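Per-entry structural report
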Amino acid sequence: MEVTCLLLLALIPFHCRGQGVYAPAQAQIVHAGQACVVKEDNISERVYTIREGDTLMLQCLVTGHPRPQVRWTKTAGSASDKFQETSVFNETLRIERIARTQGGRYYCKAENGVGVPAIKSIRVDVQYLDEPVLTVHQTVSDVRGNFYQEKTVFLRCTVNSNPPARFIWKRGSDTLSHSQDNGVDIYEPLYTQGETKVLKLKNLRPQDYASYTCQVSVRNVCGIPDKAITFRLTNTTAPPALKLSVNETLVVNPGENVTVQCLLTGGDPLPQLQWSHGPGPLPLGALAQGGTLSIPSVQARDSGYYNCTATNNVGNPAKKTVNLLVRSMKNATFQITPDVIKESENIQLGQDLKLSCHVDAVPQEKVTYQWFKNGKPARMSKRLLVTRNDPELPAVTSSLELIDLHFSDYGTYLCIASFPGAPVPDLSVEVNISSETVPPTISVPKGRAVVTVREGSPAELQCEVRGKPRPPVLWSRVDKEAALLPSGLPLEETPDGKLRLERVSRDMSGTYRCQTARYNGFNVRPREAQVQLNVQFPPEVEPSSQDVRQALGRPVLLRCSLLRGSPQRIASAVWRFKGQLLPPPPVVPASEAPDHAELHLDAVTRDSSGSYECSVSNDVGSAACLFQVSAKAYSPEFYFDTPNPTRSHKLSKNYSYVLQWTQREPDAVDPVLNYRLSVRQLNQHNAVVKAIPVRRVEKGQLLEYILTDLRMPHSYEVRLTPYTTFGAGDMASRIIHYTEHNTCHFEDEKICGYTQDQTDNFDWTRQNALTQNPKRSPNTGPPTDISGTPEGYYMFIETSRPRELGDRARLVSPLYNASAKFYCVSFFYHMYGKHIGSLNLLVRSRNKGALDTHAWSLSGNKGNVWQQAHVPINPSGPFQIIFEGVRGSGYLGDIAIDDVTLKKGECPRKQMDPNKVVVMPGSGAPCQSSPQLWGPMAIFLLALQR
C-alpha cells in the first residue's frame, strides 16, 4: 500500500488551493548601489545618503496579485507636490552619477487595480563638498582722533557642501583659535549664501603677514576628503583697480573694427581679467585676450553693454562697462493726427493737423529730421511748427503741426531721418495731404466671414481696408485669453490685410480680429472686424482596439463611438469581418445622426470569431474601431508572492520550483479544461511540454504546479496556455531563476558573500572531506558535509592550538534589505566533541550604526550528526546575520555549519528537535505529500481498499 501511495503522488504533481488570492499592491523601498548609509531620522523618515557622482539604485519590492505595476516619481522636497522628474516605470530606479539637484523625495507607486495603490517614499540626501573660495577684505578706521589708524583684515572662506562643513583656519601650519591669539576672531556672518567662516585679524600686526589656509571638512562622510585653499597676506595686498581706453559710451559706425582695452592700475595678487556681454554671449568673431576686446566689422546687432571684470579675491571685483552703440536706423513710420482738441477724426479746413515722423535708431537721440513740402524745405511760420519729443508720441519723434489748415497747405510732405556725418543711409517717409485724405475703414469681404478648411491645408484670412492712406492691418486672436497666433506672436502685421496660415491644425480654430494700425495712417481709434476660422478634421473614435471575449453561443454587441471630429457627426459607417464587407446597417435620418455605430452578433461561434472593423466617416476623413472577437480564454496570471518557491537538492545538483497562478476572468468564456505547460532552459531550443488537467476554475483560485528536475544554477522560460472547448487561449510566460543566495552551501570559494569578522580572535575554515587535514583531531568535527559526499564543502572552526578558552570566530553574511516583517534563518550544525563550546547566531541591525543582538545559542556536545535549526528573526531595517563559534575548554571542540537558508516569513511551527537526526536526501526515507492532497487522496485510497 505504501508503494501505491508513492506512485499516485508522483503522478499528481498539480493541485489547487484557496480562493480569492487577488490582493492589493503593497510596496517597500530598499536600497542598493553605492549608499553611504540608510537610516531613520527623528520622525521615522527613511533617509538614503549618497555621495555626488555615485550611482543611486532604489528597488521597489512589491507584493499583490495580479503583479503590481511600479511607477517612480520625484519631488524637490517634502513640501512640494509638483513632480519634477519624468516618471520611471520600473521596479528598479537607477541614476548614474547622481547630482546634488537630484536629491529629494522619491516615491514608489505600485498599483494592480485591486484596492488603492501603495505609495512609499524615501528621501535621498546627496552629499558633496565643493572647493572652498577665500576672499580678503580690509577696513581702515581712525582711532583716538588722528593719533593712529587701525587696519583690520577679514578673510572670508565660503564653501557649498552637504552636510554643513566644518572650518579650520591655519596660519602657516598652526591652527588658529580665539583662546590662543587675542588678535584674531573667528565667526560665522549672517545672511550669507553657503557655509561661511570669517577670520578677522584685528589691528593688523607684523606677524599677521603670513600664509593663511582655510580647511573645510564634512568629517569624511561618504568618503569625501577634506579640501583647503591658501592665501598669502602681505603688506602690498590690495584689491583690483581698472581703467578703460575708451569712454564708457562708444558710438561707432557699422563695419568698423572695434578695440577696447581694459587696463589694470592696481591689485595684489595679480588680478584676472574677463570680458562679458549683456545680453547674450560675446559676438561671433569677437576676441577677448587678456584685457583687450576686439570686434571685427561690427554690426548693429553687436550693440550692447560690454563688461570688463578684474578679480583677485581681495576686496570686491573691479568692473568697468562700455556701452557700445552701432549707428543704425530702421522702421520709418508716420502718423496723421487730426485736431485733437476738437476730437475730430477727419482732416478739415480751419482745424489743426499734425504730421509725425519716427525711426527706430541707435543712438536714438542723435537722429535728425528734415521736413519738405512738395520737394522744398518746409519753412517755419506762425502756422507751421516743427517740434521734437512730443510727449504723446514715442521718444525722439519729429512732428510738423499745421495751425488753422488752409487749402494752400494741401500737398506732399516728406520727412527725412539721418545721422549727420555717418555712413548710414537716410530713411524717408512721404505723406500726401488733400481733400481725398480720409481715415480708414475695415471690413470682411463678402463670403469670407467664415473660412472653413481641412486640417493640414493652408488658410487665408482677409480683411479689406479703405481710406487714404491705407494703414497696415494687425491680426490677433479673440476667443482665447492671451492666445498667440500660429507665428508665436500676440500681434502680426500684414500690409495687404491678409493673414496667411500654413498647415492649419484644429487648435487654430476660432475667431480672429483684424484692426487698423495707428501708424502709417491716421492716428485715430482703430477700426476692426472679425473672421471665424473652422478647421475640419477626421473623426476620432473609441475603442481604437478592443479584445472582446465571450463564451461560445452567447451574443455580442460591438459599438464604435465618435469622440470628436469636425463636423461632429457620423456620415457613414462600414463594417468588415476579416476584411470582407458586411451588409450595411439600417439607414438613420440625417436629423437623427447618432454618435456611434453598432453591430449585433447573435452568437459567438468558431466561424464568427475573428477581426471586426468599423470604419466611421464624417465626410472629411475616417477612423476605424477594431474588435477582436473570440471565445479564447484569457492568459493566466502568474503569482509572484509564493514564499520560497525554489527548493534545492544539493545531492543531485537539481532544484524544484513551485509555480503558482490564477486564471484571468475565467467566467468570461467557456471553462478551462487544461493547461499546456512548456518549460525550456534559457539558451536551449528544446522544451518539455506537459498537459495539466483541471476542474472548474474559479476567479481568484490559486493553482499550483511543482517543476522538478531543474538543473542548478540555470534559469528557465515557462509558458502556460489555457485550453477550452474553443481551443488554445492566450499564453503567459515568465522566467524563473535559481536563487542561490537564499541557501548557501559554501561550495564556492566566495562563500556566498560571507566575510570573516576583523574584530574576532580567529577565522572560520572552509573544507570538505577531501581537503581535511589527515592529522586532524579525532572524535570531533564532521566527516563530510550535509550531503554525505566527499566533495561537499562546509564551514567549521578549528579549536586546536593556539586557540584558547573563550576565543571567538565570527562569520558575517552580506547585508540584506529588510523586505519582509519576519524572516526565518535555517541551517545545519554539527557539534561533536567533549570540549564543544558554543554556537551563537546574532543579528546585526544597520538602522542606526551596527547593533548586534543574540537570536539563538547552543552549547555542548550534540553527537556526531548533522542537525537543523530554524531561527525566527524580525529585523526593522537592513541587517546581517553572524555565526559565532566560541572555543570550549579543549581541542576536541570543532563546530561546523552548512546549508544556511534565509527565507521570508515565519519559521515552521513545529521546530526540529535539536537532538533529532535529519534523514538526508536519497536515504530511502518515505516521502510526504503536500497537506492539500490529503483530502482527495484519502477518499481515493478508501475506494481502492473497497
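Cut-offs used in this document
- Residues numbered from 1 in each chain as written.
- Predicted model: local features only at pLDDT ≥ 70, side-chain atom pairs only at ≥ 80, totals over all residues.
- Heavy atoms only, no water.
- UniProt positions renumbered as here; feature names shortened; annotations may be inferred.
- Salt bridge = Lys/Arg side-chain N within 4 Å of Asp/Glu carboxyl O.
- Helix = DSSP H or I, 4+ residues; strand = E, 2+ residues; numbered from the N terminus.
- Buried < 20%, exposed > 50% of the residue type's maximum accessible area, 1.4 Å probe, protein only.
- 1 Å grid on protein atoms, 1.4 Å probe; cavity = no way out; pocket = protein on both sides within 12 Å on 5 of 7 lines; lining within 4 Å.
- Points joined across faces, edges and corners; volume = space filled by probe spheres on them.
- Nonpolar A, V, L, I, M, F, W, Y, C, P; charged D, E, K, R; others polar.
- Contact = heavy atoms within 4.5 Å.
- Polar contact = N/O pair within 3.5 Å; in protein donor to acceptor, adjacent residues only side chain to side chain.
- Pairing = 2+ DSSP bridges.
- Disulfide = S-S within 2.5 Å.
- Phe/Tyr/Trp six-rings, centres within 6.5 Å; stacked < 30°, edge-to-face > 60°.
- Lys NZ or Arg CZ within 6 Å of the ring centre and 35° of its normal.

With an unreviewed UniProt entry as reference, the protein chain is termed MAM domain-containing glycosylphosphatidylinositol anchor protein 1, source organism Saimiri boliviensis boliviensis. The UniProt entry for the protein chain carries the following text under Function (unreviewed entry): "Required for radial migration of cortical neurons in the superficial layer of the neocortex. Plays a role in the formation or maintenance of inhibitory synapses. May function by inhibiting the activity of NLGN2." Taken from UniProt, the Subunit (unreviewed entry) comment for the protein chain reads in full: "Interacts heterophilically through its MAM domain with proteins in axon-rich regions and through its Ig-like domains with proteins in differentiating muscle. Interacts (through the Ig-like domains) with NLGN2."

So, about the pattern of salt bridges. Going through the model one piece at a time under the given rule, you end up with 37 salt bridges. Across the salt bridge formed by Glu 460 and Arg 500, the nearest N and O atoms sit 3.5 Å from each other. With Glu 460 in strand β37 (residues 459-462) and Arg 500 in strand β41 (residues 498-501), the pair connects residues that are 40 residues apart, well separated along the chain. Among the residues examined, Arg 500 registers a relative accessible area of 46% and is labelled partly exposed. A salt bridge links Arg 844 to Asp 852, with the nearest nitrogen and oxygen atoms 2.7 Å apart. Residue classification places Asp 852 among the partly exposed residues on the basis of a relative accessible area of 29%.

Turning next to empty space enclosed by the protein. Tallied over the entire structure, the rule returns five cavities of 30 Å³ or more. Estimates place the volume of the largest cavity at around 40 Å³. Along its surface, the largest cavity is lined by Gln 767, Arg 776, Gly 781, Pro 782, Tyr 794, Phe 796, Glu 798 and Asp 894. Here the residues of the lining of the largest cavity are counted per class, giving three nonpolar, two polar and three charged.

Attention now goes to the environment of Leu 134. Here Leu 134 lies in strand β10 (residues 133-143). We classify Leu 134 as buried; its relative accessible area is 2%. Linking Leu 134 and Leu 155, residues 21 residues apart in sequence, is a C-alpha distance of 6.8 Å. Not counting the four nearest positions on each side in its chain, Leu 134 is found in contact with Leu 155, Arg 156, Cys 157, Trp 169, Tyr 212, Cys 214, Ile 229, Phe 231 and Asn 313.

Relative to the elements of secondary structure, Leu 384 occurs in strand β31 (residues 384-388). Judged by its relative accessible area of 11%, Leu 384 is buried. Taking C-alpha positions, Leu 384 is 9.9 Å from Leu 353, a pair spaced 31 residues apart along the chain. Sequence-distant contacts of Leu 384, defined by excluding residues within four places in its chain, comprise Ala 378, Arg 379, Leu 400, Glu 401 and Leu 402.

Okay, the side chain of Asp 807 next. Among the secondary structure elements, Asp 807 is positioned in the loop between β64 (794-797) and β65 (808-812). At 3.0 Å, the side chain of Asp 807 forms a polar contact with the backbone nitrogen of Glu 804.

Turning to the sheet that holds strand β28 (residues 353-362), a few remarks are in order. Strand order in the open sheet formed by five strands is β31-β32-β28-β27-β43, and the pairing between neighbours is mixed. Of all strands in the sheet, those with a lone pairing partner are β31 and β43 (521-522), marking the two edges. With nine bridges connecting them, strand β27 (residues 328-338) and β28 associate as antiparallel partners. Within β28, the residue paired with Phe 334 across the bridge is Cys 357.

Here we take up unusual backbone geometry. Cis rather than trans, the peptide bond between Asp 268 and Pro 269 has omega equal to 5°. Assignment of secondary structure puts Pro 269 in the loop between β21 (258-268) and β22 (272-278). Here the residue pair Arg 801 and Pro 802 is connected by a cis peptide bond, since its omega of 10° sits within 30 degrees of zero. Within the secondary structure, Pro 802 sits in the loop between β64 and β65. In the Ramachandran plot, Asn 683 falls in the positive-phi region, its phi being about 70° despite a non-glycine side chain. For Asn 683, the position within the fold is in the loop between β55 (674-681) and β56 (687-693). The backbone phi angle of Ile 751 is positive, close to 40°, even though this residue is not glycine. Among the structural elements, Ile 751 can be located in the loop between β61 (743-744) and β62 (755-756).

In this section: the state of the cysteines. Counting across every chain of the model gives eight disulfides. One disulfide in the model links Cys 157 with Cys 214; its S-S distance is 2.0 Å. Looking along the S-S bond of the Cys 157-Cys 214 disulfide, the torsion reads about -85°, which is the left-handed sense. In this pair, Cys 157 is assigned in strand β11 (residues 148-159) and Cys 214 in strand β17 (residues 211-217), connecting sequence segments 57 residues apart. Free cysteine: Cys 614, not disulfide-bonded; nearest cysteine sulfur from Cys 560 at 4.1 Å.

Among the secondary structure elements, Ser 609 is positioned in the loop between β49 (596-601) and β50 (610-617). The class for Ser 609 is buried, based on a relative accessible area of 7%. The residues contacting Ser 609, other than those within four sequence positions of it, are Phe 577, Lys 578, Val 604, Val 629, Ser 630, Ala 631 and Phe 726.

Applying the stated rule across the entire model yields 13 aromatic pairs. Both rings, one in Tyr 794 and one in Trp 866, keep their centres 6.0 Å apart while their planes meet at 70°; by these two values the pair is edge-to-face. With Tyr 794 in strand β64 and Trp 866 in the loop between β68 (851-859) and β69 (867-873), the pair connects residues that are 72 residues apart, well separated along the chain. For the ring pair Phe 827 and Tyr 829, a centre distance of 6.3 Å and an interplane angle of 55° mean the geometry is tilted. The same class applies to Phe 827 as to Tyr 829, namely buried. Members of the aromatic cluster, each reached through a chain of ring pairs, are Phe 827, Tyr 829, Trp 856 and Phe 883. The residue whose ring lies beneath Arg 506 is Phe 537, and the NZ or CZ to ring-centre distance is 3.9 Å. Cation over ring: Arg 734 sits above Phe 638, and NZ or CZ is 5.8 Å from the ring centre.

Turning to the environment of Ile 433, a few remarks are in order. Relative to the helices and strands, Ile 433 resides in strand β34 (residues 427-433). In this structure, the C-alpha to C-alpha distance between Ile 433 and Ile 347, residues 86 residues apart in sequence, is 8.6 Å. Residues in contact with Ile 433, not counting those within four places in the same chain, are Ile 336, Ile 347, Leu 353, Leu 355, Tyr 410, Gly 411 and Tyr 413.

If you trace the four strands from one edge of the open sheet to the other, you get β30-β29-β33-β34, paired in antiparallel fashion. Both edges of this open sheet fall to β30 (376-377) and β34, since each of them pairs with a single strand only. The pairing of strand β33 (residues 411-418) with β34 spans seven bridges and is antiparallel. When the bridges of β34 are listed, Thr 412 appears paired with Asn 432.

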